[in-house]
Amino acid sequence: MGDAEIIPIGTRGRPGRGTGKAPSSAARSLAPGGAARPARKAAAPQKSQKPAARPAADPVDPVDSGDPVQQPGSVEPTTASAEQREPGPASAPLLEAVGSPAPGPSHAGAAGERPPVLTTEREPRGGIPTADLLHAFQVAARELFGEEWEVQLARFLAFLRRRITGDYEVDEYGFDAEVTQRFFMAALRPLAQKWFRIEVRGIENIPTDGGALVVSNHSGTIPVDGVMTMVTIHDHTGRFLRPLGADLVFRMPVVSTLARKGGATLACNEDAERMLTGGELVGVWPEGFKGIGKPYSQRYKLQRFGRGGFVSAAIRTGVPIIPLSVVGAEEIYPLVGNIPSLARLLGVPYIPITPTFPLLGPLGLVPLPSKWLMEFGEPIRTDEFDAGAADDPMLVFNVTDQVRETIQQTLYKLLMDRESVFR
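First, a word on scope: everything that follows refers to the structure included in this document. Everything quoted here is computed from the prediction, not taken from an experiment.

Attention now moves to the overall build of the chain. A tally of regular secondary structure across the chain gives 13 helices and nine strands. By the burial criterion, 32% of the 423 residues in the chain qualify as buried. Accessible surface, the chain: about 26900 Å² in total, of which carbon and sulfur atoms supply 58%.

Structure representation (structure tokens):
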């Protein structure tokens, strides 16, 4: 006992020291000074040992929480939308044309399963119902084309069917009356009525049927006056004007095709006589490129009318000659200069320089909104001449000069009647 070492109670229980024995549970529960020491954590479970499952939480009453309870396999509840609305009466014809899926057999499903909502509308990608798309299309079409848009749509579909099946007519010159009326005239009409505000006089001088030759002055740097004359005559009389074009028009790849479909043909006596004999209304501009390419300082001064070939064709066929005077075309592209060397290089009569072109680039091609006046003069009869009068150069020259003077004097009168260039 005397030589034995006294170990304090507080130092017991540490492995590796003292006696090396593990301390008892009573010794571990005592702290220095006799105070109780808190118990250590239990040993960590082994890796193969799974943690105990937590007790399930108490179910939440849907009445108290306000959240819907979703059962397994049920459809996500949705709010009332356009998909659940019935299509309106305005969409019924188009819905019948488009078609709608037939609803499948209804089923209650398993216990607690909500059956899917069946609709009579097909929902395209993006979530917009077909009925709403058709209704929006109807509203937009009614605003653009008026209340008779369905009739116009039916006519357009019938036009497409005829073009696809080949059930349309084209005459020996390549003239397509349907394309000209539906597309060319429709595209040019706003320009004639809204932009140039063409005022027409003497339209009653154009015969309602039979052949006739319309002879007009030519101006404007670009031959816009020719197509405006075609639109004006068709809108007021319902007849198509068949213009005689220069050979340059039919050498251009795209322009030649459009000119043929629009009713133009080459300016030669043979084609002119055949058309006049067939009862067509033919248009000719005897000044040619000399008229549209003259400088602005010589505006409304007629150039030479060639050799009078149009008069010979009219005398041979016995049709009347109707002089036409156009005021306003000289101001759409005022020609102030020319580049003859470049024109010869490109093979064109002239390269125009205007106050807006080429300074403004493509914007310079927009014509100025000048006020136009058109007056059709009294017909000059040719059926009173003898059979061989067309071969008399003096007679042909006199008739040509008469037509030219009639147009020139009418131009002076219209210039006095016009208050301003642009109004």
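The next subject is the environment of Phe 310. Among the secondary structure elements, Phe 310 is positioned in helix H11 (residues 309–317). Note on Phe 310: relative accessible area 9%, which makes it buried. With 27 residues separating them in the primary sequence, Phe 310 and Gly 283 have C-alpha atoms 9.7 Å apart. Ignoring sequence-local partners within four residues, the contact set of Phe 310 consists of Leu 213, Val 215, Val 284, Pro 286, Phe 305 and Thr 400.

Time to look at the pattern of salt bridges. Applying the stated criterion across every chain, the model contains 21 salt bridges. Between Arg 162 and Glu 178 there is a salt bridge, with the nearest N and O atoms lying 2.2 Å from each other. Linking Arg 162 in helix H5 (residues 149–165) with Glu 178 in helix H6 (residues 177–195), this pair joins segments that are 16 residues apart in sequence. Judged by its relative accessible area of 18%, Glu 178 falls in the buried class. Glu 178 is the partner of Arg 163 in a salt bridge, and the nearest nitrogen-oxygen pair spans 3.6 Å. Taken together, the residues Arg 163 in helix H5 and Glu 178 in helix H6 connect sequence positions 15 residues apart. It is possible to trace a salt-bridge network through shared partners that takes in Arg 162, Arg 163, Asp 176, Glu 178 and Arg 182.

Bringing the nonpolar core into the picture now. With 30 residues, the main nonpolar core has Leu 213, Val 215 and Ile 321 as its most contacted residues. The set of elements that each furnish at least two residues to this core consists of strand E2 (212–216), helix H9 (269–277), strand E5 (281–284), H11, strand E6 (321–327) and helix H13 (393–417). The element contributing the most residues to this core is H13, with six residues. Look past the residues within four positions of Val 215 in its chain and what remains in contact with it is Val 284, Pro 286, Phe 305, Phe 310, Ile 321, Ile 322, Pro 323, Leu 324, Val 403 and Ile 407.

Right, let's get into the pairing of strand E3 (residues 241–245). For E3, a buried count of five out of five residues is recorded, marking the element as mostly surrounded by other parts of the structure. Direction of pairing for E3 relative to E5: parallel, over a ladder of three bridges. Looking at the pairing, Leu 241 lines up with Leu 281 of E5. In this structure, E3 lies alongside strand E4 (residues 265–266), joined through two bridges in parallel fashion. Residue pairing in the sheet places Leu 244 in a bridge with Thr 265 of E4. With helix H8 (residues 253–261) bridging E3 and the parallel E4, this β-α-β connection has right-handed handedness.

Moving on: the environment of Asp 176. In this structure, Asp 176 sits in the loop between H5 and H6. Given a relative accessible area of 1%, Asp 176 falls into the buried group. With 84 residues separating them in the primary sequence, Asp 176 and Arg 260 have C-alpha atoms 8.1 Å apart. Residues within four places of Asp 176 in sequence aside, it is in contact with Arg 163, Tyr 168, Glu 169, Val 170 and Lys 261. A distance of 2.6 Å separates the side chain of Asp 176 from the side chain of Arg 163, its partner in a polar contact.

Moving on: the packing of aromatic side chains. Throughout the structure, instances matching the rule amount to five aromatic pairs. Each ring, one from Phe 175 and one from Phe 240, has its centre 5.3 Å from the other, and the planes form 70 degrees; the classification is edge-to-face. With a gap of 65 residues between them, Phe 175 in the loop between H5 and H6 and Phe 240 in the loop between helix H7 (224–237) and E3 connect regions that are remote in the sequence. Ring pairing ties together the aromatic residues Phe 156, Phe 159 and Phe 183, which thus form one cluster. Positioned over the ring face of Tyr 296 is Arg 299, at 4.2 Å from the centre of the ring.

Glancing now at unusual backbone geometry. Cis geometry is found at the peptide bond from Phe 357 to Pro 358, where omega equals 5 degrees. Residue placement: Pro 358 occurs in the loop between strand E8 (352–353) and strand E9 (373–376). Phi angles above zero are rare outside glycine, and Arg 197 is one such case at about 50 degrees. Structurally, the position occupied by Arg 197 is in the loop between H6 and strand E1 (199–201). Positive phi, close to 60 degrees, is recorded for Tyr 300, a residue that is not glycine. Relative to the elements of secondary structure, Tyr 300 occurs in the loop between helix H10 (289–292) and H11.

What follows deals with the side chain of Thr 382. With respect to the helices, strands and loops of the structure, Thr 382 is situated in the loop between E9 and H13. Since its relative accessible area comes to 2%, Thr 382 is described here as buried. One polar contact links the side chain of Thr 382 to the main-chain carbonyl oxygen of Ala 314, over a distance of 3.2 Å. Contacts of Thr 382, omitting those with residues within four sequence positions, involve Ala 314, Ile 315, Gly 318, Val 319, Pro 320 and Ile 321.

In this section: H13. With 25 residues, H13 extends 36 Å between its outermost C-alpha atoms, agreeing within 8% with the 36 Å of an ideal straight helix rising 1.5 Å per residue. Every buried residue of H13 is listed here: Val 396, Val 399, Thr 400, Val 403, Ile 407, Gln 408, Thr 410, Leu 411 and Leu 414. Summarising the contacts, the buried residues of H13 are in contact with E1, E2, H11, E6 and E9.

The rules behind the values
Sequence positions are assigned chain by chain, starting from 1 and proceeding in written order. Where local features are concerned, this predicted model is filtered to residues with pLDDT of at least 70; where side-chain atom pairs are given and counted, the filter is 80 or more; whole-chain, interface and lining totals use all residues. Computation of side-chain values: all heavy atoms of the structure, hydrogens and water removed. Helical segments are the DSSP runs of H or I of at least four residues, strand segments are the runs of E of at least two, and each set is numbered from the N terminus. Three labels apply to residues, based on accessible area from a 1.4 Å probe with only protein chains included: buried if under 20% of the type maximum, exposed if over 50%, partly exposed otherwise in between. Per-residue and other accessible areas follow the Shrake-Rupley method at a 1.4 Å probe size, with only the shown protein chains counted as cover for residues. Contact between two residues is taken to exist if any of their heavy atoms lie within 4.5 Å; hydrogens are not considered. A pairing counts as a salt bridge when a side-chain nitrogen of Lys or Arg comes within 4 Å of a carboxyl oxygen of Asp or Glu. The set of buried Ala, Val, Leu, Ile, Met, Phe, Trp, Tyr and Cys residues whose side-chain atoms join them within 4.5 Å is what this entry labels a nonpolar core. At least two DSSP bridges between two strands are required for those strands to pair. Note on handedness: a clockwise path from strand one over the helix to strand two, with the strands aimed away from the viewer, defines a right-handed crossover. Under this definition, polar contacts are N or O atom pairs within 3.5 Å; protein pairs additionally need one hydrogen-donor-capable and one acceptor-capable atom, and for neighbouring residues in sequence, both atoms have to be side-chain atoms. Two rings from Phe, Tyr or Trp (for Trp, the six-membered ring) form a pair when their centres are within 6.5 Å of each other. A pair whose planes differ by under 30 degrees is stacked, one over 60 is edge-to-face, and the rest are tilted. The criterion for a charge sitting over a ring is simple: Lys NZ or Arg CZ within 6 Å of the ring centre, and within 35 degrees of the ring normal. The length a helix should cover is 1.5 Å for every residue beyond the first.

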